[in-house]
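# A look at the structure
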Amino acid sequence: MNEPEHPTLYLIDGSSYFHRAYHALPPLTTRAGEPTGALLGVANMVRRLLNESHPEYLAVVFDARGKNFRHRLYPAYKANRPPLPAELAAQFKPLTELLEALGIPLLQIPDVEADDVIATLAKKAGEAGWRCVISASDKDLAQLVDDRVVLIDTMSNRRYDAAGVRRRFGVEPGQIGDYLALVGDSSDNIPGVPGIGPKTAAKLLEKYHDLDQLLASRDALGDKLAARFEAAQHLPLSRQLVRLRDDLELDVAPADLKRQPAKSAELRALLERFEFRQWLDEVGGQGAAAPAAGRTAVEVGTPHYRAIRDRRAFETLLAELARQEAFVFDLETTSLNVLDAEIVGIALALEPDSGIYIPLAHEGPGAAPQLDRDEVLARLKPLFESAKPAKIGQNLKYDLNVLHRAGIRLAGIADDTMLESYVLNSTITRHDMDALARHYLHRRTITYEEVAGKGARQIPFAQVAVERATEYAAEDAEVTYALHRYLAPRLAALPGPARVYREIEMPLVPVLAAMERSGVLVDRDRLTAYSRELEKRLYALEQKAYEVAGAPFNLGSPKQLGEVLFERLKLEVIAKTPGGQPATGEEVLQELAGRHPLPGLLLEHRALAKLKNTYTDRLVDEIHPVTGRVHTSFHQAVAATGRLSSSQPNLQNIPARTEEGRRIRKAFIAPPGKRLLALDYSQIELRIMAHLSGDEGLLAAFHNGADIHRATAAEVFGVPQDKVSGEQRRAAKAINFGLMYGMSAFGLARQLGIEQDAAKTWMATYFERYPGVRRFMEQIRRQAREQGYVETLFGRRLWLSDIASRNPARRQAAERAAVNAPMQGTAADIIKRAMITTADWLAESGADAALVLQVHDELVLEVGVPDLPTVRDRVAALMRGAAELAVPLDVDAGDGADWEAAH
């Protein structure tokens, strides 16, 4: 007879997830202003655990309020942690109410931490023959893992048994306490042994097994290690602090922690109060149908995926699609390059928890039956080219261009989950689908490598078995549907970001797609010749560096460079790397350049090598064999402030004011019968500063058409504008632009090569002459501290997670970002608006012109010579009209046979 199976106890570290959710999710609020971000994060994690594991016995454990026995042992314990933010503290009671309504036991034991309560209950469960699952994000709890206890990080879906702990930390679970004592724990302010990192700690414990044997063997460690341990007199205390107590006297036993039935009425009332609409619908709130029989109040559907492989099923699907108001689609292709990509299959989602895949070009055993690709695309073409149904996707720009290559002009582009997430909070996570699923849905998705393999063994998607391809592709569509349902209402609740999404980011998608398809013509021969010239110059610089150094060395080796600079030449060590070696980075070389000729040669060599490797060589490789043009990829969801970036190749960082940069721009050319037209906003961020600050001096300077740097120099140095010297104008320019990036007097002094006291005096004079700028900077920093974000003129938000950090460097960096983001972000919004109106006008006018490049504040068009005057005047007017500021927007326009000549 088989013995009855012992129960499993689930223990959730509520405190760790509460704090983690607060920092991971945007600071959401209800319409009444009640904060709910952390509440929602923990609730979703708990729901996932309930739905996937259906625990009968469980508890959510929280840290007790105030200090505990560890503070008495070590008063500095957790002293580096900032006070609990008010908006987080306000969510604790609502969280406990929500968990109680779900029937989940809650524990909060005085004078100890949640980890100690979990350790004690896990031990009791093991002694009773139970299994235990600990759900937490705290590495301390890894020391509890054994043959009956596993640790799960529900947010990342990582599961640690004993083998998992060994892989993660390099030590056995029972050694985790000693391991943490050796490396320290910065989050709890527990000191480790100086110079002992994770790898060294793991090696020492592998050899000596535990801390007692290690300390007893100090004499065998060598002088360097022994000295470190000799200095670490706190080590026994650190071990005492990190070890968990498993001997607490608790009033509850595992058998007392049985989950109770959910309190439906209370749960619905709380969900209505917190405006958790999706969850409310599932439990039958707000008029929604009650849950189906046998379904728990928090249960979500199990995704269902199917493949369409015959004509009858496809006809049914077409009829379903035609009835939809909107649907999600995603293409599986042969390449990430849209100019070469062929469609392998189409994934669709028409409703929650459901995904469909239409395989069209799979090869190999089991691929048949499949529908004919051309026929399927022809039947789908009217739907894709119609404004209705609306189309939803993830990174729709890619799919739009692939369909364009297949002869389908996608219409009805409604929503893009990548952009929804990006506009909601640009800094919170990456915005690819896998990252969004982990972050917002707490789901781990199937990766491409899991279905197609890695590296040299990776197979084309067309060779992936249809059954496996269906799981992967249909999941993409289904997850995108789920992401849209999650993100759309949260974005809609924020008027400013919602406006940026609807009026700027989404309309920009087809504009960027067309620019990528168009590309720009590049002169291969000119680039190749310049690359050879750079190669000769680099060789000459190397020889000169060897001569100055006294012997040859590897200019790319930090170790050899450090030996030459600091041992052979005896130059001063300016800074050190985290590993303790003398630093040889650009800032160090710039500071040393005035003391010896070698650092200057190295800086010049690095700059030329970067140009050669990044542009003159790379651009030639990027010329498409069919079009003969370079087709960069524009990225909307990368830069936190809203600026566009580009890759393959990156055209944003070509130096604009150096001879070398100009030589590269000359390689971007117009085809016969056309010219390149370049239009550039003049000093747009300074104009935005004038508008936002309302400073009378700045406003007057721009309205009078003055040279703003000359006008600033006149104010700062107290001279008439016509008497301002070139050096004074250069200093004023550094101040004007430096202030927008939070430059300090120290930074200004370094940039201009002046004494710091002089820089302080200049900056103080600047603020005296332009007091509105000082008021604006103080106001925006205060606003950032109060709100946690700043906004552009159009409502784009930049969240600043470090604005209240107790780490001065991180807090100051956030303050600098707070000052700069409204200017840089507004400039990004303005040029995006100009791109949209320009593209619309070009389409309506029928002019022989196309947008081909966007770089920071500049637009570049390829224009037929007869249309050049009209296009230049009209686009310049559209750019000037892209925003209404308190000062005029000024646009410089020029044209030429190449990009450089157009400036």
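Report follows, based on the coordinates. Nothing here was measured: the structure is a model prediction, and the numbers come from that model.

On to empty space enclosed by the protein, then. Applying the stated criterion across every chain, the model contains two cavities of 30 Å³ or more. Lining the largest cavity are Gly642, Arg643, Leu644, Ala827, Ala828, Ile831, Lys832, Gln854, His856 and Asp857. Per-element tally for the lining of the largest cavity: the top contributor is helix H35 (residues 808-845), with four residues. Residues belonging to the lining of the largest cavity are distributed by class as follows: four nonpolar, three polar and three charged. Here the second largest cavity is characterised by a volume of approximately 40 Å³.

In this section: the packing of aromatic side chains. What the rule picks out here adds up to 17 aromatic pairs. Pairing Tyr546 with Phe553 gives two aromatic rings, centres 6.1 Å apart and planes at 70°, and the pair type is edge-to-face. Residue classification places Phe553 among the buried residues on the basis of a relative accessible area of 7%. Seen from their ring centres, Tyr766 and Phe767 are 5.7 Å apart, and the 85° between their planes marks the pair as edge-to-face. Considered together, Tyr766 and Phe767 belong to a single accessibility category, that of buried residues.

One pass over the full model with this rule turns up 56 salt bridges. Salt-bridge contacts for Lys78 lead to Glu113; the nearest nitrogen and oxygen are separated by 2.8 Å. Taken together, the positions of Lys78 in the loop between helix H3 (69-73) and helix H4 (86-89) and Glu113 in the loop between strand E3 (106-107) and helix H6 (114-127) put the pair 35 residues apart, joining distant regions of the chain. Like Lys78, the residue Glu113 is buried in the burial classification. Across the pair Lys123 and Asp246 runs a salt bridge whose closest N-O atoms are separated by 3.8 Å. Pair noted here: Lys123 is in helix H6 and Asp246 is in the loop between helix H12 (235-242) and helix H13 (264-274), with a separation of 123 residues, a long-range link. Look at Asp246 and you get partly exposed, because its relative accessible area is 33%. Through salt bridges with shared partners, a single ionic network connects Glu34, Lys93, Glu97 and Arg273.

Another aspect to go through is helix H32 (residues 745-752). Those residues of H32 that sit buried are Ala745, Leu748, Ala749 and Leu752. For H32, the angular spread of the buried residues around the axis is 100°, confining them to a single face. For H32, the secondary structure elements touched by its buried residues are helix H31 (726-740) and helix H33 (756-769). Looking at the residues trailing H32, positive phi occurs at Gly753, about 70°.

This paragraph deals with the sheet that holds strand E18 (residues 674-681). Strand order in the open sheet formed by four strands is E21-E22-E18-E23, with antiparallel pairing between adjacent strands. Single-partner strands in this sheet number two, and they are strand E21 (849-855) and strand E23 (891-896). Adjacent strand axes in the sheet meet at a mean angle of 20° when their direction is disregarded. In terms of strand pairing, E18 meets strand E22 (residues 858-864) through seven bridges, oriented antiparallel. Note on E22: the bridge partner recorded for Leu677 is Leu861. Helix-sheet contacts for helix H36 (residues 868-880) involve E18, E21, E22 and E23, and the interaxial angle to E18 is about 20°.

A few words on unusual backbone geometry. Most peptide bonds take the trans form, and the phi angle of most residues other than glycine is negative. The amide bond that connects Ala368 to the next residue, Pro369, takes the cis arrangement and shows omega of -5°. Along the chain, Pro369 turns up in the loop between strand E10 (354-359) and helix H16 (373-384). Put simply, Lys388 and Pro389 share a cis peptide bond, and its omega is 0°. Of note, Pro389 is situated in the loop between H16 and strand E11 (390-393). In this model, His442 sits at a positive phi of 55°, which is unusual for a non-glycine residue. We classify His442 as buried; its relative accessible area is 4%.

What counts as what
- Residues numbered from 1 in each chain as written.
- Predicted model: local features only at pLDDT ≥ 70, side-chain atom pairs only at ≥ 80, totals over all residues.
- Heavy atoms only, no water.
- 1 Å grid on protein atoms, 1.4 Å probe; cavity = no way out; pocket = protein on both sides within 12 Å on 5 of 7 lines; lining within 4 Å.
- Points joined across faces, edges and corners; volume = space filled by probe spheres on them.
- Helix = DSSP H or I, 4+ residues; strand = E, 2+ residues; numbered from the N terminus.
- Nonpolar A, V, L, I, M, F, W, Y, C, P; charged D, E, K, R; others polar.
- Phe/Tyr/Trp six-rings, centres within 6.5 Å; stacked < 30°, edge-to-face > 60°.
- Buried < 20%, exposed > 50% of the residue type's maximum accessible area, 1.4 Å probe, protein only.
- Salt bridge = Lys/Arg side-chain N within 4 Å of Asp/Glu carboxyl O.
- Arc of directions from axis to C-beta.
- Contact = heavy atoms within 4.5 Å.
- Pairing = 2+ DSSP bridges.
- Axes fitted to C-alpha atoms, helices over the stretch in contact; angles between N-to-C directions.

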